[in-house]
Amino acid sequence: MAGAAVERKVIRVLLVEDEEIHRVLARALLKAVGGVVLDEAGNGAEAVRRVREAGAYDLILTDRQMPVMDGHEATRQIRDLGVTTPIVGLSSDCLDSDIDAFIKAGADDFTPKPLSKEKLNRILAKYNIA
């Protein structure tokens, strides 16, 4: 139908990252996708609290090494809440053991830092989010 507006799905994303430079990059990439409502947490404990309070997210992107609670423990606790949202671990630590630890904690996937447009598009496509 010519002239009909295309309704775009709103995507709720929780970004769990303590380093500002990585938060700025992720914000810019997610903004470019469009239709993203971004919530941020600076550590794993804050992420678990936000998931408890805010309810459902479409995607959770989490760093590994953070103060207070790391990404592995946050992922475990989020899964213990019964949350099935895709969780993608982000880290510059990319040894097989690092990746395996994220997956064993309950993450669905892992992507090496830094996040890029290509990596984000792959994640969104893989989980049919955008």
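- As recorded in an unreviewed UniProt entry, the protein chain goes by Two-component response regulator ORR41 and comes from Dichanthelium oligosanthes.

## As for empty space enclosed by the protein
- For the structure shown, the criterion picks out 1 cavity of 30 Å³ or more.
- The computed volume of the largest cavity comes to approximately 60 Å³.
- In terms of lining residues, the largest cavity is bounded by Leu15, Glu17, His22, Leu25, Ala26, Leu90, Lys113 and Leu115.
- Per-element accounting of the lining of the largest cavity gives the leading share, 3 residues, to helix H1 (residues 20-33).
- Here the lining of the largest cavity is built from residues that sort into 5 nonpolar, 1 polar and 2 charged.

## A closer look at the UniProt feature "modified residue: 4-aspartylphosphate" (unreviewed entry) in the protein chain
- The positions UniProt marks with the feature "modified residue: 4-aspartylphosphate" (unreviewed entry) are Asp63.
- Topologically, Asp63 is positioned in strand S3 (residues 59-63).
- Given the relative accessible area of 3%, Asp63 is considered buried.

## What about the side chain of Asp39?
- Among the structural elements, Asp39 can be located in strand S2 (residues 36-41).
- A distance of 3.1 Å separates the side chain of Asp39 from the side chain of Arg50, its partner in a polar contact.
- Only 2.4 Å separates the side chain of Asp39 from the side chain of Tyr57, close enough to count as a polar contact.
- In this structure, Asp39 is in contact with Val13, Leu14, Leu15, Arg50, Ala54 and Tyr57, ignoring residues within four places of it in sequence.

## Quick look at the pattern of salt bridges
- Tallied over the entire structure, the rule returns 13 salt bridges.
- Close ionic contact of Glu46 with Arg50 constitutes a salt bridge, the shortest N to O distance being 2.8 Å. With Glu46 and Arg50 both in helix H2 (residues 44-54), this residue pair falls 4 residues apart, about one helical turn.
- As a salt-bridge pair, Asp108 and Arg79 come within 2.5 Å of each other at their nearest N and O atoms. Note that Asp108 is positioned in the loop between helix H4 (96-105) and strand S5 (109-112) and Arg79 in helix H3 (residues 71-80), a separation of 29 residues in sequence.
- Given the relative accessible area of 34%, Asp108 is considered partly exposed.

## Describing the sheet that holds S2
- Strand order in the open sheet formed by 5 strands is S2-S1-S3-S4-S5, with parallel pairing between adjacent strands. The open sheet terminates on both sides in strands that have one partner only, identified here as S2 and S5. With strand direction ignored, the average angle separating the axes of adjacent strands in the sheet is 20°.
- Strand direction decides the pairing type here: strand S4 (residues 87-91) and S5, joined by 4 bridges, are parallel. Paired with Ser91 across the two strands is Pro112, which belongs to S5.
- H3 contacts S3 and S4 of the sheet and is inclined by roughly 150° relative to S3.

Rules used in this analysis
Residues numbered from 1 in each chain as written. Predicted model: local features only at pLDDT ≥ 70, side-chain atom pairs only at ≥ 80, totals over all residues. Heavy atoms only, no water. 1 Å grid on protein atoms, 1.4 Å probe; cavity = no way out; pocket = protein on both sides within 12 Å on 5 of 7 lines; lining within 4 Å. Points joined across faces, edges and corners; volume = space filled by probe spheres on them. Helix = DSSP H or I, 4+ residues; strand = E, 2+ residues; numbered from the N terminus. Nonpolar A, V, L, I, M, F, W, Y, C, P; charged D, E, K, R; others polar. UniProt positions renumbered as here; feature names shortened; annotations may be inferred. Buried < 20%, exposed > 50% of the residue type's maximum accessible area, 1.4 Å probe, protein only. Polar contact = N/O pair within 3.5 Å; in protein donor to acceptor, adjacent residues only side chain to side chain. Contact = heavy atoms within 4.5 Å. Salt bridge = Lys/Arg side-chain N within 4 Å of Asp/Glu carboxyl O. Pairing = 2+ DSSP bridges. Axes fitted to C-alpha atoms, helices over the stretch in contact; angles between N-to-C directions.

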